[in-house]
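Below are the chains, spelled out letter by letter.
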Amino acid sequence: MEQLGAMLAATGAGDPAAATAAGERAEAALAGWGRALREQSSRADDPQLKTLLTDLAAEVGRLGTDIEALEDTSLDQLQQRLDQLCAR
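Residues numbered from 1 in each chain as written. Predicted model: local features only at pLDDT ≥ 70, side-chain atom pairs only at ≥ 80, totals over all residues. Heavy atoms only, no water.

(A) Fine view of the packing of helix α2 (residues 16–43) against helix α3 (residues 47–63). Two numbers describe how α2 lies on α3: the axes approach to 8 Å, and their chain directions differ by 165°. In terms of orientation, α2 and α3 fall into the roughly antiparallel class. Handedness of the α2/α3 crossing: left-handed. Facing L30, W33, G34, L37, R38, Q40, S41 and S42 of α2, the residues of α3 in contact are K50, L53, T54, L56, A57, V60 and L63. (Axes fitted to C-alpha atoms, helices over the stretch in contact; angles between N-to-C directions. Helix = DSSP H or I, 4+ residues; strand = E, 2+ residues; numbered from the N terminus. Parallel < 35°, antiparallel > 145°, perpendicular 65-115°, else oblique. Left-handed = near helix turned anticlockwise from the far one by under 90°. Contact = heavy atoms within 4.5 Å.)

Structure below.
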């Protein structure tokens, strides 16, 4: 998410080249995160954890670098589900 901040800062500063570069790095980081979540989901034995990791991977896959979409995301809800599951 650091790269999203860099993208916002560059956009605000009127530096489209830096904004584009930061956006590309953010997209690559999100793609890697999604792959890691899918991999962990395939390894999970607990059905609830498997479902949650699959849901997280899908949500991360939809994020992209659209700032408005990020504000509307349900990642907070998915994080709460993960927290509850891990608290057991």
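So much for the structure itself; the text now carries on.
(B) Expanded view of the nonpolar core. Counting 11 residues, the largest nonpolar core consists of L30, L37, A44, L52, L53, L56, A57, V60, L63, L82 and L85. Within the residue set of this core, elements represented by two or more residues are α2, α3 and α5 (75–86). Sort the elements by how many residues they give to this core and α3 lands first, with six residues. Residues within four places of A57 in sequence aside, it is in contact with G34, L37 and R38. Of all hydrophobic cores here, the second largest spans six residues; its members include L4, M7, A10 and A22. (Core = buried A, V, L, I, M, F, W, Y, C linked by side-chain atoms within 4.5 Å. Buried < 20%, exposed > 50% of the residue type's maximum accessible area, 1.4 Å probe, protein only.)

(C) Highlighting the pattern of salt bridges. For the coordinates displayed, the defined rule picks out one salt bridge. Measuring nitrogen to oxygen at the nearest pair gives 2.8 Å for the salt bridge that ties E39 to R43. With a gap of four residues between them, E39 and R43 both fall in helix α2, about one helical turn apart. The exposure class of E39 is partly exposed, given its relative accessible area of 39%. (Salt bridge = Lys/Arg side-chain N within 4 Å of Asp/Glu carboxyl O.)

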